[in-house]
Amino acid sequence: MIRFEGVGKRYADGTVAVHDLSLDVAEGQLVTLVGPSGCGKTTTMMMVNRLVEPTSGRIEVDGEDIAHVDPVALRRRIGYVIQQVGLFPHRTVLDNTATVLSLLGTKRGRARERARELLDLVGLDPETFGPRYPHQLSGGQRQRVGVARALAADPPVLLMDEPFGAVDPVVRERLQNQFVDLQRRLRKTVLFVTHDIEEAVRLGDRMAVYGPGRIEQFDTPQTVLGRPATPYVAEFVGTDRGLKRLSVTEIRPEDLEEPPLVRRSEPAARAAERLRAEGARWAVVLDEAGELHGWVGVDELGGGGDRAVGELAHRMNAWVPVGAPLKQAFGEMLQHDAGWVAVLDGARFLGVLTPGKLHEALRRSVDADARGVRRGDVDFESVADA
Ligand SMILES: Nc1ncnc2c1ncn2[C@@H]1O[C@H](COP(=O)(O)OP(=O)(O)OP(=O)(O)O)[C@@H](O)[C@H]1O
């Protein structure tokens, strides 16, 4: 959708901001451009909507060489969100959002209706926030208006230059999560500039790591963190890149361990006998529908006679949905002081994730057929009642 072919930019004073850049951004992908200050990220982005003209190479948007496209027509297809949101101070939030549509000739009533939809889309109640003026909003809310406004003309391409840079870390994380949700639905082609490695990792389908004037690595966050291409990238992503990978690797069903299982309605003594024969010391307790009820120790079952397992079971609060990041599973383990977490698909129990399996999943994330993966030993000893 966006293609850079040997693109360079030398400013009039001789500064080479971008040197021989080649990069392909596929349709519907979000690519983060990350790197230290002054490495050419903003210049790269501004060449796409022709606010800056390249001095060499060519840039295509949707197969068209943009050097031959009228800049105004080009910008209509490209939403632009910047850190200094640039809202009109004397216009309401609703009018600010509708501005682009009005400029494009949309009738006033329709433009305002669409603006309401857009505010709703970015999580701002149009009734509450529409009539307000920009100074009556928090920084995070202003940024959301900026996103709504950029989406107004429904452009297939979005350029975002440190859009969440000016807000505090808590608000920034909320904006990021919300934007991830939005992007999942809208599937725009997005170039997103940031100097925050966490943000680049969290948001990007792919990330381009910039060194001075050139790209050092262009790959998925998992690969950049797991296999930095150069010492420069390794240093840039940080010594805690292993931890960062936990937040970008999802739990898959094949990562899971199958623990011993008992039914809630099973008589305790019979369950104990069966589990002892299997050499298990505890088991996960499921109800009749296969949903997680809790866990129980074999010794507790042993004295239970005819009572149903369910009466003796402990509740299990350490669980995560399948597809959640490994970081969330790790967090649950720590919070509940548990040696494993249950993984659910909706309410259905799928299996458990153990520290060993978590380690395997991390390896799998960079190399699907990693050889020599150590089998994780399940440490059922350390299960604690949550
Ligand atoms: N109009 C200009 N004239 C001359 N040099 C410029 C101009 N704009 C940018 N530069 C220089 O080009 C280089 C790249 O700037 P650019 O803004 O693209 O970097 P960046 O990676 O976006 O930085 P930051 O993260 O600080 O925003 C810098 O050395 C900058 O000083």
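Values in this document were obtained by computation on a predicted structure and should not be read as measured data.

Enquirer: What's the story with the site of the ligand in this structure? I'm lost.
Expert: Around the ligand, the structure places Tyr11, Asp13, Thr15, Ala17, Pro36, Ser37, Gly38, Cys39, Gly40, Lys41, Thr42 and Thr43. Here Gly40 contributes a backbone N or O atom positioned 3.0 Å from an oxygen atom of the ligand. Contacts to the ligand include Thr42, whose side-chain N or O atom sits 2.7 Å from an oxygen atom. Protein burial of the ligand: of its 640 Å² of free accessible surface, 61% is covered by the chains.

Enquirer: Is there a simple way to explain the pattern of salt bridges in this structure?
Expert: Any two side chains of opposite charge can pair if their charged atoms end up close together. According to the stated counting rule, one finds 21 salt bridges in the structure shown. The closest approach of N and O atoms between Glu5 and Arg58, which form a salt bridge, is 3.6 Å. With Glu5 in strand S1 (residues 2–10) and Arg58 in strand S4 (residues 56–61), this pair connects stretches of sequence that are 53 residues apart. Taking the shortest distance from any N to any O, the salt bridge between Asp65 and Arg58 comes out at 3.2 Å. In this structure Arg58 comes out as partly exposed when scored by relative accessible area, which is 33%.

Enquirer: Before we go on, may I ask you to explain unusual backbone geometry in this structure?
Expert: Apart from glycine, the bulk of residues carry a negative phi angle, and the bulk of peptide bonds sit in the trans form. Even without being a glycine, Arg50 presents a positive backbone phi close to 60 degrees. The residue Arg50 is located in the loop between helix H1 (41–48) and S4 in this model. Residue Arg50 is classed as buried on the basis of its relative accessible area, which comes to 16%. The phi dihedral of Asp337 is positive, around 50 degrees, even though this residue is not glycine. Judged by relative accessible area, which is 56%, Asp337 ranks as exposed.

Enquirer: What exactly am I supposed to notice about the sheet that holds strand S13 (residues 292–297) here?
Expert: Strand pairs in the sheet, formed through backbone hydrogen bonds, run parallel or antiparallel to each other. With mixed pairing, 3 strands are arranged side by side in an open sheet as S11-S12-S13. Looking at which strands have only one partner, the edges of the open sheet turn out to be strand S11 (261–263) and S13. The average angle at which neighbouring strand axes cross in this sheet is 35 degrees, direction not considered. Two strands pair when backbone bridges link them, and S11 and strand S12 (residues 282–286) are joined in this way by 3 bridges, in the parallel orientation. The residue bridging Leu261 from the neighbouring strand is Val284, located in S12.

Enquirer: Quick question: what am I supposed to make of helix H7 (residues 169–186) here?
Expert: Think of an α-helix as 3.6 residues a turn; residues three or four steps apart then line up on the same face. Look at H7: 25 Å from first C-alpha to last across 18 residues, which is about the 26 Å you get at 1.5 Å a residue. For H7, the set of buried residues is Val171, Arg172, Leu175, Gln176, Phe179, Leu182 and Gln183. Mapping the buried residues of H7 onto a view down its axis gives an arc of 135 degrees, with all of them on the same face. What points out from H7, more than 90 degrees from its buried face, is the exposed set Val170, Arg174, Arg184 and Arg185. Where the residues of H7 are buried, they touch strand S3 (30–34), helix H4 (108–121), helix H6 (139–151), strand S7 (157–161), strand S8 (189–194) and helix H8 (197–203). After H7 finishes, the residue Arg187 shows a positive phi value of roughly 50 degrees.

Enquirer: Help me understand the packing of aromatic side chains, please; the structure alone is not making it clear to me.
Expert: Describing an aromatic ring pair means giving the distance of the ring centres and the angle of the ring planes. Tallying each qualifying case throughout the model produces 5 aromatic pairs. Between Phe164 and Phe179, the aromatic rings sit 6.3 Å apart at their centres with planes inclined by 65 degrees, giving edge-to-face as the arrangement. Separated by 15 residues along the polypeptide, Phe164 in the loop between S7 and H7 and Phe179 in helix H7 bring together distant segments of the chain. Taking relative accessible area as the criterion, Phe179 reaches 5% and is therefore assigned buried. Pairing Phe179 with Phe192 gives two aromatic rings, centres 6.4 Å apart and planes at 45 degrees, and the pair type is tilted. Here the residue Phe179 occupies a position in helix H7, and Phe192 occupies one in strand S8, the gap between them amounting to 13 residues. Accessibility assignment for this pair places Phe179 and Phe192 in one class, buried.

Conventions we followed
Residues numbered from 1 in each chain as written. Predicted model: local features only at pLDDT ≥ 70, side-chain atom pairs only at ≥ 80, totals over all residues. Heavy atoms only, no water. Near = heavy atom within 4 Å. Polar contact = N/O pair within 3.5 Å; in protein donor to acceptor, adjacent residues only side chain to side chain. Areas by Shrake-Rupley, 256 points an atom, 1.4 Å probe, with all protein chains shown as cover. Salt bridge = Lys/Arg side-chain N within 4 Å of Asp/Glu carboxyl O. Helix = DSSP H or I, 4+ residues; strand = E, 2+ residues; numbered from the N terminus. Buried < 20%, exposed > 50% of the residue type's maximum accessible area, 1.4 Å probe, protein only. Pairing = 2+ DSSP bridges. Axes fitted to C-alpha atoms, helices over the stretch in contact; angles between N-to-C directions. Expected span 1.5 Å × (residues − 1). Arc of directions from axis to C-beta. Contact = heavy atoms within 4.5 Å. Phe/Tyr/Trp six-rings, centres within 6.5 Å; stacked < 30°, edge-to-face > 60°.

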